[in-house]
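Notes for the structure review
One-letter residues, chain by chain:
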Amino acid sequence: TIGQLVQISYSPSVPVRSYGMVSGLWGAGSSECPPQLRPELEKFIWQKMPNATPGEIKNFIESTDTAIVEIIGEIPALSMIGDRFDIQIIPLTKTQTTSLRGGHLFTSELKEMSRMQTFSQFAKTIGNAEGQIFTSIDPATKQERYYIFNGGITSLKSPITLTLKQSSFRASNAIRNRINERFGSSTANAISSTDIQITIPSQYRHRRQDFLAMVQLLYLSEDETLRTQRIDSLCEQLTDPAKSAESELALEAIGRPCLSRLATLLDEQNDPLVRFHAARCMLNIGDYRGIS
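Residues numbered from 1 in each chain as written. Predicted model: local features only at pLDDT ≥ 70, side-chain atom pairs only at ≥ 80, totals over all residues. Heavy atoms only, no water.

Description of the overall build of the protein chain
Helix and strand counts for the protein chain stand at eight helices and 11 strands. In terms of overall dimensions, the protein chain is more spread out than a globule: its C-alpha atoms have a radius of gyration of 26 Å, far above the 19 Å expected for 292 residues. Counting every position in the protein chain, which comprises 292 residues, the buried fraction comes to 41%. Summarising the internal contacts of the protein chain: among those between residues at least 6 apart in sequence, 69% fall at separations of at least 24. Element-wise, carbon and sulfur atoms account for 51% of the exposed surface of the protein chain, whose accessible area totals about 15900 Å². Looking at charge distribution, the protein chain has the averaged site of its 30 positive side-chain charges lying 4 Å from that of its 31 negative ones. (Helix = DSSP H or I, 4+ residues; strand = E, 2+ residues; numbered from the N terminus. Rg over C-alpha atoms; globule rule 2.2 N^0.38 Å. Buried < 20%, exposed > 50% of the residue type's maximum accessible area, 1.4 Å probe, protein only. Contact = heavy atoms within 4.5 Å. Areas by Shrake-Rupley, 256 points an atom, 1.4 Å probe, with all protein chains shown as cover. Lys, Arg positive; Asp, Glu negative; His and termini not counted. Charge placed at Lys NZ, Arg CZ, Asp CG, Glu CD.)

The structure is reproduced here in structure tokens:
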């Protein structure tokens, strides 16, 4: 299998940070704004509302119905552009803000936390944050905590790389061809004799770990006789609870050639667990005979 020849790697989760403005606080906010942040905030507001006057922007920032806040979150590993994630909103210390309850965070640009330790906005933007604030009470301190569920939107794509344990242009190209043959022509790209970059197809957006498992379970070469033997062996392993999940993924990796064999497992006389794995596998391949 491909998994026996390569090691898979991808970027870990990325902590992010930003500063932004919350509105709708009905006097619970603060007119204070850190001097280092004010020019960047004014510039950002002008970009969003080019017709606003300097006086309008000044009044908006200094209103007690608004507050400057810190935004923190973490873009998950295996991220794809457009993924959403939760963020936490923290009122700036040493300001007069008493509560963010009921507030709304305006669109703010998220930066990698390790590159943004101050108010500097020169770090690369890798996401945005906005949304309605949810308030909870910390049971230990009795203080309010503020969050926006799915309030972060990533513009960062996490690279996935298969690295050959032994360098070989021939093997690198063969792995690329095998993956593209099964999952589509733009899925894999051999960039060197050791590295193959992977792009997760859109249909596996919500099954990313399953997709990577299937890639590793693909056989690099096969003929019809060997494939038939593997299908029979994997179908038999569906009866073993310890092997059924991996066997199902291996069958899905093979794809449509295993449908006729899987269909024989839908018989009501078979074990319910076997029928379930067979039906789900068929559905994931695109055959709807297993719905009932």
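On we go from here.
Observations regarding a nonpolar patch on the surface
On the surface, a nonpolar cluster with roughly 330 Å² of combined accessible area is contributed by L283, Y288 and I291. Its location among the elements puts L283 in helix α8 (residues 272-285). With a relative accessible area of 32%, L283 lands in the partly exposed category. (Patch = residues over 30% accessible without salt bridge, like charges linked within 9 Å, V, L, I, M, F, W, Y side chains within 5 Å. Salt bridge = Lys/Arg side-chain N within 4 Å of Asp/Glu carboxyl O.)

Comments concerning the packing of helix α6 (residues 244-254) against α8
Direction vectors running N to C along α6 and α8 enclose 30°, while the axes themselves pass 9 Å from each other. Between α6 and α8, the angle is such that the two are roughly parallel. With respect to the hand of their crossing, α6 and α8 are arranged in right-handed fashion. Every residue of α8 that contacts α6 at S244, A245, E248, L251 and E252 is listed here: H277, R280, C281, N284 and I285. When the residues that make up the contact of α6 with α8 are grouped by side-chain class, the tally is four nonpolar, three polar and three charged. (Axes fitted to C-alpha atoms, helices over the stretch in contact; angles between N-to-C directions. Parallel < 35°, antiparallel > 145°, perpendicular 65-115°, else oblique. Left-handed = near helix turned anticlockwise from the far one by under 90°. Nonpolar A, V, L, I, M, F, W, Y, C, P; charged D, E, K, R; others polar.)

Looking at the pairing of strand β11 (residues 195-198)
What you see with β11 is a clean split: I196 and I198 sit on the buried side and D195 and Q197 on the side with no burial. In this sheet, β11 lies alongside strand β9 (residues 160-164) in antiparallel orientation, the contact comprising four bridges. Across the sheet, residue L162 finds its bridge partner in β11, namely I196. Relative to β11, strand β10 (residues 188-190) runs antiparallel, the two being bridged by three bridges. Bridging across to β11, A188 finds its partner in I198. Joining the antiparallel neighbours β10 and β11 is a turn of four residues. (Pairing = 2+ DSSP bridges.)

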